[in-house]
Amino acid sequence: MTFWGGIEAGGTKFVCAVGSAPDNLSAETRFPTTTPEETIGRAIAFFAAQHAKTPLAAVGIAAFGPLDPNPASPTFGFITNTPKPGWAHTDFAAAIRRALGVPVGFDTDVNGAALGELRWGAAQGLDTFVYMTVGSGIGGGAVVNGRLAHGLLHPEMGHMCLPHDRQRDPFPGVCPFHGDCLEGLAAGPALEARWGQRAETLPPDHPAWLLEAHYLALGLVNVICTLSPQRIVVGGGVMTQPHLFPLVRREVQTLLNGYVKAPAILEQIDSYIVPPGLGDRAGVLGALALAQHAAEMGGV
Ligand code: ZN
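Residues numbered from 1 in each chain as written. Predicted model: local features only at pLDDT ≥ 70, side-chain atom pairs only at ≥ 80, totals over all residues. Heavy atoms only, no water.

## As for the side chain of aspartate 107
So the rule is basically this: The secondary structure listing takes helices from DSSP runs of H or I that are at least 4 residues long and strands from runs of E that are at least 2 residues long, numbered from the N terminus. Any pair of N or O atoms that falls within 3.5 Å is considered a polar contact. Within protein, one atom must be able to donate a hydrogen and the other to accept it, and sequence-neighbouring residues count only if both atoms are side-chain atoms. Contacts are assigned to residue pairs that have any heavy atoms within 4.5 Å of one another.
With respect to the element layout, aspartate 107 can be found in strand β7 (residues 104-108). A polar side-chain atom of aspartate 107 sits 2.9 Å from a polar atom in the side chain of asparagine 111. Setting aside anything within four residues of it in sequence, one finds aspartate 107 in contact with Ile61, Ala62, Ala63, Leu67, Pro69, Leu148, His150 and Leu290.

As structure tokens, then:
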């Protein structure tokens with residue numbers, strides 16, 4: 001049996017796990033994201049102890065970004081120009097590789113989650129789909145024709161520009177780079193700043209949710225029109241509100257207005273825009289999938 005290590009490296013916490021498959025994890029730990037030295041050091045200590053017991057074939061890192069996922073680049077494995085204090089230009093993957101001596105897979109948290117959903121979750125058997133997360137930020141990963149889309153760096157679906165009706169919603173947005181991009185208007189911190197309370201405390205009949213569904217649906221419509229995904233998996237803390245999925249699905253149909261003539265959208269949208277099959281484990285299991293992927297690709 002082959003064992004893998006996975007790091008879900010989030011902006012507020014790290015989750016590290018070791019196992020052979022989603023239903024066979026042998027160890028897991030989580031701790032807050034502090035400085036790179038301390039946080040990466042804790043991850044290394046965890047994996048080194050596991051590696052001494054059962055050798056790991058590879059470690060996958062699914063990280064917040066922006067980051068450099070291109071193995072041919074001199075800054076491969078770096079968190080790059082993140083606004084997160086202390087983390088800009090952190091050489092993350094090499095620190096893990098040096099400490100453990102195993103191949104390291106390194107990609108965005110959403111690309112990792114997309115790979116995990118493809119292997120074990122809600123995207124099994126598909127060749128073109130999108131995974132999006134709506135939480136403290138918004139991000140999206142795409143598998144196109146069976147491969148993760150990277151291109152120039154990696155997709156930044158959370159920062160797409162949307163029509164913003166300032167009569168309906170005068171809120172300027174919270175993205176430090178763009179103001180009212182999708183993330184600036186619809187991520188958890190935008191909800192909290194606009195309404196003065198945390199998203200999970202807003203009741204289901206609050207007008208916040210219709211507006212939220214509108215912005216998320218605009219984002220999904222852009223993704224549908226650009227990539228023609230066979231399914232869109234949407235995770236993240238904001239999406240754990242059970243009333244939000246039906247609102248988003250209906251708004252996607254309204255905005256598309258019958259133009260995309262696919263039964264998946266016209267008749268079966270409940271199974272087209274779906275929560276992660278791996279639930280809140282999509283992140284850390286996605287990191288395990290990145291480890292497997294790295295080993296299959298020969299490692300870096
Ligand atoms: Zn932005």
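## Here we look at the nonpolar core
Our working rule: Here, the term nonpolar core denotes a set of buried Ala, Val, Leu, Ile, Met, Phe, Trp, Tyr and Cys residues that are joined through side-chain atoms within 4.5 Å. Throughout, exposure labels follow a simple rule: accessible area from a 1.4 Å probe, protein chains only, divided by the maximum for the residue type, with under 20% read as buried, over 50% as exposed, and the rest as partly exposed.
Counting residues in each nonpolar core, the largest one holds 43 residues, and the members touching the most others are Met132, Leu182, Leu216, Val234 and Val252. When residues of this core are traced back to their parent elements, those giving at least two are β8 (129-134), β9 (138-144), α4 (182-186), α5 (188-195), α6 (207-227), β11 (232-235) and α7 (244-256). Per element, the largest residue contribution to this core is twelve residues, and it comes from α6. Residues within four places of valine 252 in sequence aside, it is in contact with Ala217, Leu220, Val221, Ile224, Ile269 and Ile273.

## Describing the coordination of the zinc ion
For a metal with four donors in a tetrahedral arrangement, the ideal angle between donors is 109.5 degrees, while six donors in an octahedron ideally sit at 90 or 180 degrees. Inclusion rule: With water excluded from the atoms, a metal site may look incomplete; its donors are any N, O or S atoms within 2.8 Å, or within 3.2 Å for Na, K and Ca. Note on geometry labels: four donors, all angles 85 to 135 degrees, give tetrahedral; four donors become square planar and six octahedral when opposite donors are over 155 degrees apart and every other angle is between 65 and 115; remaining cases are irregular.
Around the zinc ion, the protein supplies His159 (ND1), Cys175 (SG), His178 (ND1) and Cys181 (SG) as donor atoms, at distances of 2.1 to 2.4 Å. Each of the four donor atoms bound to the zinc ion contributes to angles spanning 101 to 124°, and the resulting shape is tetrahedral. Take histidine 159: its relative accessible area is 22%, and that puts it in the partly exposed class. Judged by its relative accessible area of 6%, cysteine 175 falls in the buried class.

## Section: the sheet that holds strand β2 (residues 13-21)
We apply this condition: Any two strands are treated as partners once DSSP identifies two or more bridges connecting them. Whenever a helix is involved, its axis is fitted only over the stretch in contact; in every case the axis is a line through C-alpha atoms, and angles between N-to-C directions fall within 0 to 180 degrees.
Across the sheet, five strands lie side by side as β3-β2-β1-β4-β7; this open sheet has mixed pairing. What marks the edges here is a single partner per strand, and that holds for β3 (24-32) and β7. The mean angle between the axes of side-by-side strands here comes to 15°, regardless of whether they run parallel or antiparallel. Seen against the sheet, helix α3 (residues 109-120) touches β4 (56-63) and β7 and runs at an angle of roughly 110° to β7.

## Re the environment of threonine 35
Checked against the element boundaries, threonine 35 lands in the loop between β3 and α1 (36-53). Judged by its relative accessible area of 39%, threonine 35 falls in the partly exposed class. The spatial distance from the C-alpha of threonine 35 to the C-alpha of alanine 295 is 29 Å, given a sequence separation of 260 residues. Here glutamate 38 takes part through its backbone nitrogen, which lies 3.1 Å from a polar atom of the side chain of threonine 35.

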